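Descriptive analysis of the structure
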Amino acid sequence: MPRSFVPSSFIFFVLDDPLKAMESCPKEGIPNRKDLKEENLYLRTEAYASRGYVAVAIDSRYHGDRASSMTTYREALVSSWRKGDTMPFVFDTVWDLIKLADYLTQREDIDPSKIGITGESLGGMHAWFAAAADTCYAVAVPIIGVQGFRWSIDHDKWQSRVDSIKDVFQEARVDLGKRVIDKEVVENVSCIYHRVWDRIAPGLASQFDSPYTIPIIAPRPLLILNGEKDPRCPLEGLEIPKSRARKAYEEAHCPDKFKLIAQPGIGHELTKFMVKEASDWFDRFLK
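Residues numbered from 1 in each chain as written. Predicted model: local features only at pLDDT ≥ 70, side-chain atom pairs only at ≥ 80, totals over all residues. Heavy atoms only, no water.

**Describing the sheet that holds strand 1 (residues 116–120)**
Pairing in this open sheet of 4 strands is parallel, and the strands run 1-2-3-4 from one edge to the other. On the outer flanks of this sheet lie strand 1 and strand 4 (258–263), each paired with one strand and no other. This sheet shows a mean twist of 5° between the axes of neighbouring strands, independent of strand direction. Here 2 bridges tie strand 2 (residues 139–143) to strand 3 (residues 222–227), and the two strands are oriented parallel to one another. When the sheet's bridge partners are listed, Ile-143 is paired in strand 3 with Leu-225. Contacts between helix 11 (residues 239–251) and the sheet are confined to strand 3 and strand 4, with strand 4 contributing the most and set at about 150° to the helix. (Pairing = 2+ DSSP bridges. Helix = DSSP H or I, 4+ residues; strand = E, 2+ residues; numbered from the N terminus. Axes fitted to C-alpha atoms, helices over the stretch in contact; angles between N-to-C directions. Contact = heavy atoms within 4.5 Å.)

Next up, the structure:
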């Protein structure tokens, strides 16, 4: 049995039913498959376990069992904007994934050279940034999570992403004495949008944006899966990071280890096609 780890970060703002998509993950005839079981506290095995992987799914910070109420995430975002005391949108959970990788590499039942990571939507962002920050993640498949934050600001494509965590932007709008969150506000150099990102996720629209963090995953295998019509991850905003990543993988003499697939006609949703492509990618590079 391959000793690999595929964490799936908390599924956030999904339009499709993730369980239906995950059911499409092909199964293998592993003799002891019926003996698969969950281990430790609140760890949930999913479809990847049926393919012979040690599979772990975690709750993002401020979500699921890591939330004290239905408003925990909103409160963390607002507190981050006003106090700068947390980084709830992405980086807090990425830190957890880095520490989780440290733990996994110490386990005797896991090959530390074969640890993979995937996630969807916010979980896709977590997979992207965790792989960029920690080389323990040998294979990465971020799903509907990779975007160009700076590109979206510059090209007036910020609305859908802002709407996904609108409460914090509304609080910031009030604090800054603005009437609405609109294009005029976003286009200003000192705009609310840029300010909010810098508070809740410093560097997200600058040095840690996709044009800089996607290429540094090379030469480790990276598959980016997005929807062609996803308004939160506009495909046009990935042209620069895609170009830079291809160059990085070519210079590392492994162009076959990078791929970006934009499923035609699909918006911000997880599909069976994406799950199948992710599964095949892990099998190709971890088995």
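Okay, back to it.
**Focus on the nonpolar core**
Counting residues in hydrophobic clusters, the biggest one holds 58 residues, and the most contacted among them are Phe-89, Ile-165, Trp-197 and Ile-214. It is helix 4 (residues 122–133) that provides the largest number of residues to this core, a total of 8 residues. Not counting residues within four places of it along the chain, the set of residues in contact with Ile-165 comprises Tyr-73, Leu-77, Phe-89, Trp-197 and Ile-200. Within the second largest apolar cluster, 20 residues are counted, among which are Tyr-48, Val-139, Ile-144 and Val-275. (Core = buried A, V, L, I, M, F, W, Y, C linked by side-chain atoms within 4.5 Å. Buried < 20%, exposed > 50% of the residue type's maximum accessible area, 1.4 Å probe, protein only.)

**So, the pairing of strand 3**
Of all 6 residues making up strand 3, 6 are buried, and the element is well covered by its neighbours. Residues of strand 3 alternate between two faces, with Leu-222, Ile-224 and Asn-226 on one and Leu-223, Leu-225 and Gly-227 on the opposite face, all of them buried. Two strands pair when backbone bridges link them, and strand 3 and strand 4 are joined in this way by 6 bridges, in the parallel orientation. Paired with Asn-226 across the bridge in strand 4 is Ala-262. With respect to chirality, the unit in which strand 3 leads through helix 11 into the neighbouring parallel strand 4 is right-handed. (Right-handed = clockwise from strand over helix to strand, strands pointing away.)

**Description of unusual backbone geometry**
For residues other than glycine, phi is negative in most cases, and the peptide bonds are mostly trans. Cis rather than trans, the peptide bond between Ala-218 and Pro-219 has omega equal to 10°. Relative to the helices and strands, Pro-219 resides in the loop between helix 10 (210–213) and strand 3. You will see that Tyr-62, though not glycine, has its phi angle at about 75°, which is positive. Mapped onto the secondary structure, Tyr-62 falls in the loop between helix 1 (18–22) and helix 2 (72–83). A positive phi angle, near 65°, is found at Ser-121, a position not held by glycine. For Ser-121, the location among the structural elements is in the loop between strand 1 and helix 4.

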